[in-house]
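Observations on chain architecture
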4 protein chains.
Amino acid sequence: MDVVVPDGGDGRRLSEAWRYCVGTGRLALALRQDYLDSLAVVQAEIGFRYLRGHGLLSDDVGIYREYEWQGSTRVLYNFTYLDQILDSLLGLGIRPFLELGFMPSQLASGEQTVFWWRGNVTPPKDYDRWNDLVRAVLTHCVERYGRDEVVSWPVEVWNEPNLVNFWQGADQAEYFRLYRETARTVKEVDPRFQVGGPAICGGTDHWLTDFLVMCREQGVPVDFLSRHAYSSGPAQPVPFGCYQTVEPPRYLLDQFATGRAHAVACGYPDLPVHITEFNTSYKPVNPVHDTAWNAAYVASVLAEGGDHVDSFSYWTFCDVFEEEDVPTALFHGGFGLLAHRQVPKPTFHLYRFFARLGAEVLHRDEHTLVTRHADGRLAVLAWHRVDDGATETTREVGLSLPAPTGPLFAKHSLVDEEHGNAWQVWRSLGRPRFPTEAQLELITSCARPAVRTEVLTPVEDRAALRFTLGRNQVRLVELHPVHDETGDYPGLDDTRIPGYGDRS
Amino acid sequence: MDVVVPDGGDGRRLSEAWRYCVGTGRLALALRQDYLDSLAVVQAEIGFRYLRGHGLLSDDVGIYREYEWQGSTRVLYNFTYLDQILDSLLGLGIRPFLELGFMPSQLASGEQTVFWWRGNVTPPKDYDRWNDLVRAVLTHCVERYGRDEVVSWPVEVWNEPNLVNFWQGADQAEYFRLYRETARTVKEVDPRFQVGGPAICGGTDHWLTDFLVMCREQGVPVDFLSRHAYSSGPAQPVPFGCYQTVEPPRYLLDQFATGRAHAVACGYPDLPVHITEFNTSYKPVNPVHDTAWNAAYVASVLAEGGDHVDSFSYWTFCDVFEEEDVPTALFHGGFGLLAHRQVPKPTFHLYRFFARLGAEVLHRDEHTLVTRHADGRLAVLAWHRVDDGATETTREVGLSLPAPTGPLFAKHSLVDEEHGNAWQVWRSLGRPRFPTEAQLELITSCARPAVRTEVLTPVEDRAALRFTLGRNQVRLVELHPVHDETGDYPGLDDTRIPGYGDRS
Amino acid sequence: MDVVVPDGGDGRRLSEAWRYCVGTGRLALALRQDYLDSLAVVQAEIGFRYLRGHGLLSDDVGIYREYEWQGSTRVLYNFTYLDQILDSLLGLGIRPFLELGFMPSQLASGEQTVFWWRGNVTPPKDYDRWNDLVRAVLTHCVERYGRDEVVSWPVEVWNEPNLVNFWQGADQAEYFRLYRETARTVKEVDPRFQVGGPAICGGTDHWLTDFLVMCREQGVPVDFLSRHAYSSGPAQPVPFGCYQTVEPPRYLLDQFATGRAHAVACGYPDLPVHITEFNTSYKPVNPVHDTAWNAAYVASVLAEGGDHVDSFSYWTFCDVFEEEDVPTALFHGGFGLLAHRQVPKPTFHLYRFFARLGAEVLHRDEHTLVTRHADGRLAVLAWHRVDDGATETTREVGLSLPAPTGPLFAKHSLVDEEHGNAWQVWRSLGRPRFPTEAQLELITSCARPAVRTEVLTPVEDRAALRFTLGRNQVRLVELHPVHDETGDYPGLDDTRIPGYGDRS
Amino acid sequence: MDVVVPDGGDGRRLSEAWRYCVGTGRLALALRQDYLDSLAVVQAEIGFRYLRGHGLLSDDVGIYREYEWQGSTRVLYNFTYLDQILDSLLGLGIRPFLELGFMPSQLASGEQTVFWWRGNVTPPKDYDRWNDLVRAVLTHCVERYGRDEVVSWPVEVWNEPNLVNFWQGADQAEYFRLYRETARTVKEVDPRFQVGGPAICGGTDHWLTDFLVMCREQGVPVDFLSRHAYSSGPAQPVPFGCYQTVEPPRYLLDQFATGRAHAVACGYPDLPVHITEFNTSYKPVNPVHDTAWNAAYVASVLAEGGDHVDSFSYWTFCDVFEEEDVPTALFHGGFGLLAHRQVPKPTFHLYRFFARLGAEVLHRDEHTLVTRHADGRLAVLAWHRVDDGATETTREVGLSLPAPTGPLFAKHSLVDEEHGNAWQVWRSLGRPRFPTEAQLELITSCARPAVRTEVLTPVEDRAALRFTLGRNQVRLVELHPVHDETGDYPGLDDTRIPGYGDRS
């Protein structure tokens, strides 16, 4: 029996939370051409609002420099690269979701670093200088890009301070000091700035409560609550790669939901909640990111995530990324929606499909989402994730859709193990680490979603849309009303065309 | 049983005759943006060597102008537009195959015109002035583009003088005079110019003999013989369109062969023969041009044509064309490989597939062509035309291909009634005469060839390639050797990726 | 003594009338690449709002076609080219100012034509069919581009009906009928459309009164009054060119003023007035259009024109134009701001300079215009036309400008007989009719305005700006406040740079 | 008295040594967009053949990685970034001049580094692994880009090993071992590779002899001798900058000459000599690089350098460079021909002017170079460097040039303290460290060379070209023969154009 999709009109909107923000490798990478070419593709096809990444204040962006002059130590704020980066982002129609960190070497109190690129994760040696730095950065942006523009950029303080890798000793008290100093400085520059934290990863969710209680008791500004969510288990490393188990999407969505729950419990019922990072695996060398299974998995998250949070930011938009060293092959398990050189992964296509959905939701279940555009066109997303051990590798979908009088042209776009799957093509080609130009062209030309077309003939204001979802398939069906102009062609008779004598 | 394809090495080359030249609407249309955008696509994807069209000397290119000054009549040669046109063509990597015609109004002896755009088809009122005009045009080109470049442009005298529509009274004696005067003038400018004629259409093939006899007897230069070939019957008009029967490809190829036969018979055994126009239908409003059937038909011509002639020029590369008035719908039965706005037709894809074949022919039969590139890669073209009344709508193809050790990655690109077929999508959309931007984007996005991939595992230096050709399908199969780098990935085990636990 | 420029604040705005509309060759030319490349340059550098030209309904746009079917005559409205044209215009950010004309051959009552391209200038053979045509065109545009968009396009009925060349017999009664029928039809499609006329040229200004009286008495809609204005005398032809005397700018501005005067006199005091064509010479082969003198002349018109009318439309934006045949040389006296291939003429630079002025007028006199941008920057335009017989070939300009504290960087951009003058370079090169690519590059590279820079040091809130205007010079001076960051460079000492030992 | 320039014909060619190679910041910077945008401009306007920079083997290009697997240490060669870099360079028409260095951390025997970006400058811990690395890199390139292509890339071993900063202890014996091992490995990959050294800087020129003697005595391959040359004295640091004295160009040219002298003395009389780095100052923070004085200085070097060496490579093509940290302002004294964001410096214009000279030298003296193109056009370069203390700030130039019959159009392009000088504009604007988009547009629009035009009228096959060179001016004069077509314009009379009544 087909699922009967109602005719809508009850005002259910597709939340924009899925597109509010996307993650990126450290900000200095935004100086690179491959990165910017990828961002241009992502913005043209998907159109995220904000971009969040680490390393704004790290040495390679080059902002904070102490120097000696006439017997005293002075500070130079150098915005050469920051300007280049922000000019590029804004030029591509995306704004920064500012993450304040990591610590400039010359301002650090210690030498602990994280990642191959050595972000310093120790507290400032001097909070006055830290505050001066924060003030200088925001003020410079305001002067360059205009106050109204810049106050629309959210400000998040640090990254995952509840992990010893990211904040020396995972010292909560020290983080709360950092947050307090920073939040107040930000509000001094302009009280309209939205500032938040604590940007924690999973594992110690009590930080959310601790954080909000601290803010409340000490009168510290807080405009949003942020956390991260991944669903993978411990890393099982192999050289230049790793494997992990992954929990079901529900596990991720439950993590999303904790933010609001804590906010409500702490007396901040309306506090926006941002998932400032999410993905299946938290490792940039796990091949799961490159697969159709990942796309089918994330489909469930995109469809429901907006019920729970104000945004959830896929980590990351492209594979230009160096946390575990320079990537060692075209497909290396990176986080990106796009591999290097703009090769699209299945999850990129999923996001692209989402960007083509309508604003009104007519129906949503575990594997379908039916939407309507303002001009009346329907767009359907369907997906079918096949977990290990599952016996049903395909799924039949039948939908009874509200329809206008007259036929509907349906364009199906498919991504699965056989279609729109650059990783599978690459595997078939023998996993070339460093594909030649010809191989890249071949992979790219095979990585487009497959297209199927059909014409539906509605009966009594209902069109039956039926198809079979293959293994790990994500499918977009776009329906276009047909205005038949055949009557405007006097004498038309296709059967008089050679080769078409038997066509109706 | 699979067809056993030999390993080659006997030096059979794929003739370049199919790509030597392509037709165009009148030359003044080369001032238009849609035209030049289309030509850019065609050159990037196919890469013809020469372009031939009518109207070089017609009023709208504007070359010949008489004026009065100080009591006498003078002539101004105005190359403003000719330069724009030739600059554009050469900039896109295509050269003109010069057709000298039609007659400038001010130089004409009569008022008879052809086409909606009114090309004057009467002899010159003064042959000295005609010769001056020919000399002026060629000399100007030599000065602007360089002598060595310009003498590589073939020069054809007039178009289809054996038809009363194209040459007043189809007066053979007058045409021979025109040819004689022109050929001698051309050779005066530079004896290296290749000059030829008589550019006739079918119906009065004795002109070929008459022409060569005249050249021989009167010592008139002739460097090539040219004619046209179409396989359609009489036009059955409907408003803004027409239908016709079409003879089989053999009929066309037989016409191709007449050129050499006449040349041999007349004692010009080595005279190059150019089919300066060919297509199925000779009408620019016959929908057959828009179909997959047309592509499957032309495939047979492209595969064999080079056996018979030095070139055969598809009439025309795009639908920017006005011989029967301004086109009245996106699909209107125009000659073009591309419809307006660069929408590709099936026959465009056929040509594009041809451009991706290798230079060595390993095998050719009625529905397959197996080629090899210099670097050893095989490329296979297969096609299946289904005529009215045929009972076999599909065809099984099996090929035993010479193969290297190790697997082969095969990329299939398909165009047929269901795939890569803009016209069918347009029909399904209700034949919108003037598609909106959204409809154009939809049609274009559905007009790409479908892609299928597979991996072949050769056995004893032979790979079996098998597939089924659908109705009016044209299929390109490109084979890429796989260099397996899996061994370079220590610890690789895809079954440890979630969702891929059961994969080998 | 310097002219003391006041500090503004009294709300005088620079009228946008100069940029509201620009003229074009017949609309079918908008299919051409040179035309569209030129329009792209003009829009990027100047940014007109509307574009007005002839020939919307002429045969080459191809809209109106009668045909026979099943024994009766029917009409096909063909929007293939109209869509291409309007898609292009709107894509370049300019809208059509619709001029309804000329008459389709098949709808015409006679055979009289105008121009080399033969626009039919006779009344419709059937007013019902004319009204159907008008309705069909507007309705199609509404469907394709949206109602709110299309009703913002002004609709003008016919062109210069007071001339026998443009309207058979200059028959006023017949024009009034055409206007009446058309205006009512337009309003039927949407009452928001702004419809107007009578689009007359000079010579019979009583038509303005006659027209408004007719509208009033017969209750015919009229939303604006339109006329043309040129200041040249009778044409003195030479082959492919002509010379004329030209009256001073005041003569043109007086013509502008007649519109409002007639409207007031007829009881339409608030009726908008559009000068839908103006220029010095009304001939497209008068070399005056190519000169710096023309730019200096038009400067006076641009500066004051907005005092008198709601728009005045320079005829035309580029030399892609064929009213007197195909242009016969790069510079041929065409109307265009740009010559073929985007070679800028002095008058193009004048318009470009105008587009860089601020919105607030601080001062205006006969040869200077001082403006201020919203961000406080001043921009000054100055010009010096040297008429035949004038003794003062240069002019000293001194301005005392309101200034901020601190220095001002002044960038002067100059166009005159020696600078930014493609025509003079072309003359120096021997007037090549058909310049080679190398010559075009040379001309273009010499056609940019010359740039001079200086730093002004204000004294007591006043900066003295002084310069000498050369013969027929148009000069833009843009002033930028200097924020001196020298103090941020510790140790700075330019005298320690080799070669700069003596610099301060 | 004018200098009489002979008519040539004695075969003196302008050496291409000036354009053979150009320097670059470390190769990993070639991943950046600003870098590649700059290289695109440089290649379009100048067209160098090779590009040489440090860091090919450093950690950030990421080629060499050791890892543990199954109990043993293995090496992964990772060409992800190398391919991106080389694809980009070759795509822009420039090839790498390979400098093998610095040492990968994991292959290093010590921890000494050079530069802000920490290039390791210690010998390999294991020469077998070093040789394997060299072999792997070259072999990969051969496989990817083709053997014939890659063997055309020169290979230089290390950089400035005679300096303790660049090679631990400046240990000559250890360098000679490195060279010996490397050169033999390179020749194993393909004997056609050109390998050379010792890439020393000035100060210990005996290394040149020691190196060649070593090669000869030990039978080590050497295909070219390389060294560097700068003419600046000790650095006098200020924060983020420095000043230095600079010796005259002769000092640099004398260093150039040492290479051949040593080669001859050592019995390698035909050994090619490459100056693989040169500039005035060797510091990337010396403002001299940004000045017109630098351009006038380098002009003398470009004009004569080819007399002494096979190439001399300006260090560097753009300011994307981090040896002394992230640049701290738009103009910061960087080596680049282009500042960030493609802002041209005077020395860029000098190189651009050189690229427009003809291949034949008619005359050269200390401040002029007269050349002729193959098509007969003359191009003159003149320059006037004003050193500190000089009394003549301008210089008169008079040349009697061989000339055709008929006038010559002369286009002068000027760069000096007032024209084409972005640095001076930037100073005038108050030295904005981080210019806004508007400031950048302003600087760029003022940074073009000034253009002057004139027409020369030759007398008796001689044209007199006279001009005054301003302070630190570099001037290109391009002469174009005028073919006067005035006679083709019947009725032409410019005095009939309004405003031109008194023109001849």
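Per an unreviewed UniProt entry, chain A carries the name Xylan 1,4-beta-xylosidase and comes from Goodfellowiella coeruleoviolacea. The Sequence similarities (unreviewed entry) comment attached to chain A in UniProt states, word for word, "Belongs to the glycosyl hydrolase 39 family."

**Some points on the overall build of chain A**
Secondary structure assignment for chain A yields 11 helices and 24 strands. Here the C-alpha radius of gyration of chain A, 25 Å, is about what a compact globule of 504 residues would show, namely 23 Å. Taking the principal axes of its C-alpha atoms as reference, chain A extends roughly 95 × 55 × 50 Å. Looking at the 504 residues of chain A, the share that counts as buried comes to 65%. A total accessible area of about 17,000 Å² is found for chain A, and carbon and sulfur atoms account for 47% of it. Within chain A, the 68 negative side-chain charges are centred at a point lying 1 Å from the centre of the 47 positive side-chain charges.

**Regarding the UniProt feature "domain: Glycosyl hydrolases family 39 N-terminal catalytic" (unreviewed entry) in chain A**
In this numbering, the UniProt entry assigns the feature "domain: Glycosyl hydrolases family 39 N-terminal catalytic" (unreviewed entry) to residues 3-459 of chain A. Helix makes up 30% of residues 3-459 of chain A and strand 23%, with an end-to-end C-alpha separation of 15 Å.

**Considerations on the sheet that holds strand β23 (residues 408-415) of chain D**
Residue and element names in this part refer to chain D. Overall, antiparallel pairing links the six strands, which are arranged β19-β20-β21-β26-β23-β24 in an open sheet. The open sheet is flanked by β19 (360-364) and β24 (450-456), the only strands paired with a single partner. Pairs of neighbouring strands in the sheet enclose a mean axial angle of 20°, with direction left out of account. With seven bridges joining them, β23 and β24 adopt antiparallel strand pairing. Residue pairing in the sheet places A410 in a bridge with E454 of β24. Across the sheet, helix α8 (residues 292-305) lies against β19, β20 (368-372), β21 (378-384) and β26 (473-481), angled at about 130° from β21, the strand it touches most.

**Some points on the packing of α8 of chain D against helix α9 (residues 346-355) of chain D**
Residues and elements named next belong to chain D. Two numbers describe how α8 lies on α9: the axes approach to 8 Å, and their chain directions differ by 30°. Here α8 runs over α9; the crossing is right-handed. From α8, A292, N294, A295, V298, A299, L302 and A303 reach across to α9, where they touch P346, T347, L350, Y351 and F354.

**Quick word on the interface of chain B and chain A**
Chain B puts 62 residues into the contact, and the matching count from chain A is 62 residues. Buried surface at the junction of chain B and chain A, both sides included, amounts to about 5,300 Å², of which 51% is carbon and sulfur. Joining chain B to chain A, the criterion identifies six salt bridges. The partner of R427 of chain B in a salt bridge is D494 of chain A, with the nearest N and O atoms 2.6 Å apart. Remark: the boundary between chain B and chain A carries 28 residue pairs in polar contact (both at pLDDT 80 or more). Elements with a minimum of two residues in the side of chain B that touches chain A: β13 (236-238), α8 (292-305), β21 (408-415), α10 (422-428), α11 (437-446) and β22 (450-456) of chain B. With six residues, the top contributor of residues to the side of chain B that touches chain A is α10 of chain B.

**Some thoughts on the relation of the copies chain D and chain B**
Note on the identical chains: chain D maps onto chain B by a rotation of 180° and an axial translation of 0.0 Å, with an RMSD of 0.0 Å. Here the symmetry operator amounts to a two-fold rotation axis. Both copies contact each other with a shared surface, as 100% of the interface residues of chain D are interface residues in chain B too.

**Looking at the side chain of D34 of chain A**
Within the fold, D34 of chain A resides in helix α1 (residues 33-45). Buried within the structure, D34 of chain A lacks any salt-bridge partner; its nearest side chain of opposite charge belongs to R341 of chain A, at an N-O separation of 6.1 Å. A distance of 2.9 Å separates polar atoms of two side chains, one belonging to D34 of chain A and the other to Q342 of chain A. Once you skip the residues sitting within four places of it in the chain, D34 of chain A turns out to touch V320, H340, R341 and Q342 of chain A together with L31 and Q84 of chain D.

**Here we look at the packing of aromatic side chains**
Enumeration over the complete set of coordinates arrives at 152 aromatic pairs over all chains. When the centroid spacing of 5.0 Å and the interplanar angle of 65° are considered together, the rings of W158 of chain C and W167 of chain C count as edge-to-face. Like W167 of chain C, W158 of chain C is buried. Taken together, the ring pairs in this structure connect F102, F115, W117, W130, W158, F166, W167, Y175, F176, Y179, W207 and F211 of chain A into an aromatic cluster. Here R216 of chain B stacks its cationic end above the ring of Y268 of chain B, 4.7 Å away from the centre of that ring. Taking NZ or CZ as reference, R433 of chain B lies 4.0 Å from the ring centre of Y489 of chain A, over its face.

**Structural notes on the relation of the copies chain B and chain A**
Screw-axis analysis of chain B against chain A gives a translation of 0.0 Å along the axis, an RMSD of 0.1 Å, and a rotation angle of 180°. A share of 100% of interface residues in chain B that are also interface residues in chain A marks the association as one of identical surfaces.

**Notes on the UniProt feature "active site" (unreviewed entry) in chain A**
Residue and element names in this part refer to chain A. With numbering matched to this structure, UniProt assigns "active site" (unreviewed entry) to E160. Position of E160 among the secondary structure elements: in the loop between β10 (155-157) and α5 (172-189). Leaving out residues up to four positions away in the same chain, E160 has contacts with F166, P198, A199, I200, C201, H228 and E277.

**Let's talk about the pairing of strand β5 (residues 72-77) of chain D**
Residue and element names in this part refer to chain D. In this sheet, β5 lies alongside strand β4 (residues 64-69) in antiparallel orientation, the contact comprising six bridges. Directly across from E68, in β5, lies its bridge partner T73. Here β4 folds back onto β5 in antiparallel fashion, the turn holding two residues, of which Q70 has a positive phi close to 50°.

**Notes on the pattern of salt bridges**
Going through the model one piece at a time under the given rule, you end up with 156 salt bridges over all chains. When the shortest N-O distance is used, the salt bridge between K345 of chain B and D319 of chain B registers 3.1 Å. Here K345 of chain B, found in the loop between β16 (311-314) and α9 (346-355), pairs with D319 of chain B, found in the loop between β16 and α9; they are 26 residues apart in sequence, far enough to count as distant. For D319 of chain B, a relative accessible area of 1% gives the class buried. Across the salt bridge formed by R144 of chain C and D87 of chain C, the nearest N and O atoms sit 3.0 Å from each other. Taken together, the residues R144 of chain C in helix α3 (residues 127-145) and D87 of chain C in helix α2 (residues 80-91) connect sequence positions 57 residues apart. One salt-bridge network, held together by shared partners, links R26, R32, D60 and E322 of chain A.

**Here we look at the sheet that holds strand β23 (residues 462-469) of chain A**
All names here are of chain A. The sheet built from three strands is open, its strands ordered β1-β20-β23 with mixed pairing. Two strands lie at the open edges of the sheet, namely β1 (3-4) and β23, each paired on one side alone. Examined bridge by bridge, β1 and strand β20 (residues 395-402) share two bridges and lie parallel to one another. For V3, the partnering residue across the bridge sits in β20 and is L399.

**Points about the confidence of the model for chain A**
With 100% of its residues at a pLDDT of 70 or more, chain A shows a mean pLDDT of 97. Predicted as a complex, the structure gets a pTM of 0.97 and an ipTM equal to 0.96.

**Some details on the interface of chain D and chain B**
Every contact between the two is made by four residues of chain D and, on the other side, four residues of chain B. Around 390 Å² of area is buried between chain D and chain B when both sides are counted, 78% of it from carbon and sulfur atoms. Joining chain D to chain B, the criterion identifies zero salt bridges. Summed over the shared surface of chain D and chain B, the number is zero residue pairs in polar contact (both at pLDDT 80 or more).

Cut-offs applied
Residues numbered from 1 in each chain as written. Chains lettered and ligands numbered in written order. Predicted model: local features only at pLDDT ≥ 70, side-chain atom pairs only at ≥ 80, totals over all residues. Heavy atoms only, no water. UniProt positions renumbered as here; feature names shortened; annotations may be inferred. Helix = DSSP H or I, 4+ residues; strand = E, 2+ residues; numbered from the N terminus. Rg over C-alpha atoms; globule rule 2.2 N^0.38 Å. Buried < 20%, exposed > 50% of the residue type's maximum accessible area, 1.4 Å probe, protein only. Areas by Shrake-Rupley, 256 points an atom, 1.4 Å probe, with all protein chains shown as cover. Lys, Arg positive; Asp, Glu negative; His and termini not counted. Charge placed at Lys NZ, Arg CZ, Asp CG, Glu CD. Pairing = 2+ DSSP bridges. Axes fitted to C-alpha atoms, helices over the stretch in contact; angles between N-to-C directions. Contact = heavy atoms within 4.5 Å. Left-handed = near helix turned anticlockwise from the far one by under 90°. Buried area = accessible area lost by both parts, 1.4 Å probe. Salt bridge = Lys/Arg side-chain N within 4 Å of Asp/Glu carboxyl O. Polar contact = N/O pair within 3.5 Å; in protein donor to acceptor, adjacent residues only side chain to side chain. Least-squares fit on C-alpha atoms with pLDDT ≥ 70 in both. Phe/Tyr/Trp six-rings, centres within 6.5 Å; stacked < 30°, edge-to-face > 60°. Lys NZ or Arg CZ within 6 Å of the ring centre and 35° of its normal. pLDDT = per-residue confidence, 0-100.

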